[in-house]
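Here's the letter readout for the chains.
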Amino acid sequence: MVPTSTRGQMPIDFLTGMAVFFVVVGFVLLFVPDLLTPTEGGQETALVADRVGTQLVEFHLGRPGSSTLSTCAFWFFNQSGANPCATFDTSATLTDQVGIDDSYGVNVTLRRDVGGDSTREILCADSGSVVPCSSGGSQLAVGPPPSASDASVATARRHVSLDDTDAVLQVEVW
């Protein structure tokens, strides 16, 4: 018997091909928007906190590859007197100084375990040296602390040294 058609395609082949095509198109339409916007819904605050911490330690307050902060850190936290730092604009807000949008809240503190109870307290500066706040001086903190109503606060920490004192630079963004 001679076949009536010389085509090698059968209806089941066509149906299988179309099913695979629609599954692939559906997959692309479903997942590509998530790939293009991975930081949606408040997840970007962790990225912002990490970026601010890295920029402060490696570029503004220290040197790249070093965790030792310069004397610019004293001015950055207190912002009083003459500005010895070439990387900060004294007339700018804190968010502008660290390079983030004004819609974010940011707080930067220098902390250390002073009492031996594993609680990190904010350190203070007195005459250009780092001291516990119980000894007096001005706190090494800048920016308002997050309030209880701030639901999502991201924290980034960097281990640093300032005035031969090991500490933790803590950046909170909400």
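Given the structure is predicted, the values throughout are model-derived calculations rather than measurements.

Here we come to helix α2 (residues 44-60). Buried within α2 are the following residues: Thr 45, Val 48, Ala 49, Val 52, Gly 53, Leu 56, Val 57 and His 60. Here the buried residues of α2 occupy an arc of 150° about the axis, which is enough to place them on one side. Buried residues along α2 sit in contact with α3 (72-78), α4 (94-98), β1 (106-113), β6 (154-162) and β7 (165-173).

Counting 35 residues, the largest nonpolar core has Leu 56, Phe 76, Phe 77, Val 108, Leu 110 and Leu 140 as the members making the most contacts within it. A total of six residues in this core trace back to one element, the largest contributor, which is α3. Ignoring anything within four residues of it in the chain, the contact list for Leu 110 reads Leu 69, Phe 77, Glu 121, Ile 122, Leu 123, Leu 140, Val 160, Leu 162, Ala 167, Val 168 and Leu 169.

On the surface, a cluster of negative charge is made up of Asp 89, Asp 96, Asp 101 and Asp 102. Examined against the element boundaries, Asp 89 turns out to sit in the loop between α3 and α4.

Summed over all chains, the structure comprises three aromatic pairs. Measuring from centroid to centroid gives 5.5 Å for Phe 21 and Phe 22, while their planes differ by 65°, and the two rings are edge-to-face. Take Phe 21: its relative accessible area is 46%, and that puts it in the partly exposed class. Ring centres 5.4 Å apart and planes at 70° place the aromatic pair Phe 76 and Phe 77 in the edge-to-face group. Residue Phe 76 is classed as buried on the basis of its relative accessible area, which comes to 0%. A relative accessible area of 4% places Phe 77 in the buried class.

Attention now goes to the state of the cysteines. For the coordinates displayed, the defined rule picks out one disulfide. Each sulfur in the disulfide pair Cys 124 and Cys 133 lies 1.9 Å from the other. The sign of the 95° torsion about the S-S bond sets the Cys 124-Cys 133 disulfide as right-handed. Relative accessible area serves as the criterion here: at 2%, Cys 124 is assigned to the buried category.

Once that is clear, we can look at the side chain of Arg 111. When you line up the elements, Arg 111 lands in strand β1. At 5.2 Å, Glu 172 is the nearest oppositely charged side chain to Arg 111, a buried residue that forms no salt bridge. Of the polar contacts made by the side chain of Arg 111, one reaches the side chain of Thr 109; its length is 3.0 Å. Here Arg 111 is in contact with Arg 120, Glu 121, Ile 122, Leu 123, Ala 167, Val 168 and Gln 170, once residues within four sequence places are set aside.

What follows concerns the pairing of β7. Of all the nine residues making up β7, eight are buried; the element is thus mostly covered by neighbouring parts of the structure. Two strands pair when backbone bridges link them, and β1 and β7 are joined in this way by six bridges, in the antiparallel orientation. What sits directly across from Thr 109, in β7, is Gln 170. Linkage of β6 to β7, two consecutive antiparallel strands, is achieved through a turn of two residues, within which Asp 163 is found at a positive phi near 55°.

Turning our attention to the pairing of strand β2 (residues 120-126). On a regular strand, one side chain projects to one face of the sheet and the next to the other, so that they alternate. Pairing analysis gives three bridges linking β1 to β2, with the strands arranged antiparallel. Paired with Arg 112 across the strands is Glu 121, a residue of β2. Taken together, the four bridges between β2 and strand β3 (residues 129-132) define a ladder with antiparallel strand orientation. In the strand pairing of β3, Leu 123 is matched with Pro 132. Remark: two residues form the turn of the hairpin made by β2 and β3, two consecutive strands paired antiparallel; Ser 127 in that turn has positive phi of roughly 55°.

Basis of the calculations
Residues numbered from 1 in each chain as written. Predicted model: local features only at pLDDT ≥ 70, side-chain atom pairs only at ≥ 80, totals over all residues. Heavy atoms only, no water. Buried < 20%, exposed > 50% of the residue type's maximum accessible area, 1.4 Å probe, protein only. Helix = DSSP H or I, 4+ residues; strand = E, 2+ residues; numbered from the N terminus. Arc of directions from axis to C-beta. Contact = heavy atoms within 4.5 Å. Core = buried A, V, L, I, M, F, W, Y, C linked by side-chain atoms within 4.5 Å. Patch = residues over 30% accessible without salt bridge, like charges linked within 9 Å, V, L, I, M, F, W, Y side chains within 5 Å. Areas by Shrake-Rupley, 256 points an atom, 1.4 Å probe, with all protein chains shown as cover. Salt bridge = Lys/Arg side-chain N within 4 Å of Asp/Glu carboxyl O. Lys, Arg positive; Asp, Glu negative; His and termini not counted. Charge placed at Lys NZ, Arg CZ, Asp CG, Glu CD. Phe/Tyr/Trp six-rings, centres within 6.5 Å; stacked < 30°, edge-to-face > 60°. Disulfide = S-S within 2.5 Å. Polar contact = N/O pair within 3.5 Å; in protein donor to acceptor, adjacent residues only side chain to side chain. Pairing = 2+ DSSP bridges.

Interpretation note: all reported values are geometric properties and have no functional meaning in isolation.
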